[in-house]
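# Coordinate analysis (summary)
The lines below spell out each chain.
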Amino acid sequence: MAEFLYRGLEDGTNCIMQYVGEDSKIVIPDNKYVSVLFDDLFKGHKEVTEVIIPEGVREIGGFVFDGCDKLTHINLPSTLESMWQYAFTRCGLTEITIPGKVHTIISYAFNQCKDLTTVHISEGTKKIMAWAFQDCTALRDVYVPASVEEISESAFRGCENVTVHRI
């Protein structure tokens, strides 16, 4: 059974500071007004295969899913605005859809996601920074909307077979 440690924020929402448990499917409660998933929250939890994040979450901290190599399914809420460096590093995702409120996909957000093959970026995102998808060696297809104004030439370093599709 999942247990979370919360910290109240000034805006009346909560930050999840710590997770204790061994569940493979994690459902973050939608009745706790969670807006932030704090750094290292699920780091190293190799048993995690799926995470359901409720609407209202605006920020995913650094290294939150680091080493969750069995994590193959995650829903990112439309309210998500930012992901810190290394948020998804070394996790097992094969496909991801990034909501449009995430205006910038920052450096190393998806570093070394060796199983990631497909990325869908939603309308509203503006930038893909250098090394955002570094060493995602299985990455083949990235679907980029017209709103993306800047893609660093190093955004896909180490992704030898990637094709960026403008949609």
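Look up: the structure comes first, before these words.
As a starting point, this report considers the structure included with it. (Residues numbered from 1 in each chain as written. Predicted model: local features only at pLDDT ≥ 70, side-chain atom pairs only at ≥ 80, totals over all residues. Heavy atoms only, no water.)

## Topic: the overall build of the protein
- Counting its secondary structure elements, the protein contains zero helices and 15 strands.
- Over its C-alpha atoms the protein spans a radius of gyration of 15 Å, differing by no more than 12% from the 15 Å that the globule rule assigns to 167 residues.
- Seen through its principal axes, the protein has C-alpha atoms that stretch 40 × 30 × 20 Å.
- Out of the 167 residues belonging to the protein, those deemed buried represent 47%.
- Pairs at least 24 apart in sequence give 26% of the contacts found in the protein among residues at least 6 apart. (Helix = DSSP H or I, 4+ residues; strand = E, 2+ residues; numbered from the N terminus. Rg over C-alpha atoms; globule rule 2.2 N^0.38 Å. Buried < 20%, exposed > 50% of the residue type's maximum accessible area, 1.4 Å probe, protein only. Contact = heavy atoms within 4.5 Å.)

## So, the packing of aromatic side chains
- Within the structure shown, the criterion is met by 11 aromatic pairs.
- Ring centres 5.6 Å apart and planes at 15° place the aromatic pair phenylalanine 42 and phenylalanine 65 in the stacked group. Remark: phenylalanine 65 occurs in the loop between strand S6 (59-60) and strand S7 (73-75) and phenylalanine 42 occurs in the loop between strand S4 (34-37) and strand S5 (50-52); sequence separation between them is 23 residues. As far as burial versus exposure is concerned, phenylalanine 42 and phenylalanine 65 are alike and both buried.
- Taken together, the ring pairs connect Phe4, Tyr6, Tyr19, Phe42, Phe65, Phe88, Phe110, Phe133 and Phe156 into an aromatic cluster.
- The ring of phenylalanine 63 carries lysine 43 above its face, with NZ or CZ at 4.9 Å from the centroid. (Phe/Tyr/Trp six-rings, centres within 6.5 Å; stacked < 30°, edge-to-face > 60°. Lys NZ or Arg CZ within 6 Å of the ring centre and 35° of its normal.)

## Considerations on the nonpolar core
- In this structure, Ile60, Phe65, Phe88, Phe110 and Phe133 are the most contacted members of the largest nonpolar core, which totals 47 residues.
- Ignoring any residue separated from it by four or fewer positions in sequence, one finds isoleucine 60 in contact with Leu37, Ile53, Phe65, Leu76, Leu80, Ser82, Met83, Trp84, Ala87 and Phe88. (Core = buried A, V, L, I, M, F, W, Y, C linked by side-chain atoms within 4.5 Å.)

## Concerning the side chain of threonine 118
- When you line up the elements, threonine 118 lands in strand S11 (residues 118-121).
- On the accessibility criterion, threonine 118 (13% relative accessible area) is buried.
- Here threonine 117 takes part through its side chain, which lies 3.4 Å from a polar atom of the side chain of threonine 118.
- Not counting the four nearest positions on each side in its chain, threonine 118 is found in contact with Thr94, Glu95, Ile96, Leu139, Asp141 and Tyr143. (Polar contact = N/O pair within 3.5 Å; in protein donor to acceptor, adjacent residues only side chain to side chain.)

## Some points on the state of the cysteines
- Enumeration according to the criterion identifies zero disulfides in this entry.
- Cysteine cysteine 68 shares no disulfide, and the gap to the nearest cysteine sulfur, in cysteine 91, comes to 7.1 Å.
- Here cysteine 68 falls in the buried class, since its relative accessible area comes to 0%. (Disulfide = S-S within 2.5 Å.)

## A look at unusual backbone geometry
- For tyrosine 33, which is not a glycine, the phi torsion comes out positive at approximately 55°.
- Within the fold, tyrosine 33 resides in the loop between strand S3 (25-27) and S4.
- Phi is positive for aspartate 135, close to 60°, though the residue is something other than glycine.
- The topology assignment puts aspartate 135 in the loop between strand S12 (127-128) and strand S13 (141-144).
- Given a relative accessible area of 24%, aspartate 135 falls into the partly exposed group.

## Some remarks on the sheet that holds S11
- Judged by pairing direction, the sheet is parallel, and its four strands sit side by side in the order S9-S11-S13-S15 without closing on themselves. Edge strands, defined here as strands with exactly one partner in the open sheet, are strand S9 (95-98) and strand S15 (163-166). The average undirected angle you get between the axes of adjacent strands in this sheet is 15°. (Pairing = 2+ DSSP bridges. Axes fitted to C-alpha atoms, helices over the stretch in contact; angles between N-to-C directions.)

## A few points about the environment of glycine 62
- If you trace the backbone, glycine 62 turns up in the loop between S6 and S7.
- Judged by its relative accessible area of 8%, glycine 62 is buried.
- Residues glycine 62 and aspartate 40, 22 residues apart in the sequence, show an inter-C-alpha distance of 6.4 Å.
- Among residues more than four places away in sequence, those in contact with glycine 62 are Asp39, Asp40, Trp84, Gln85, Tyr86 and Ala87.

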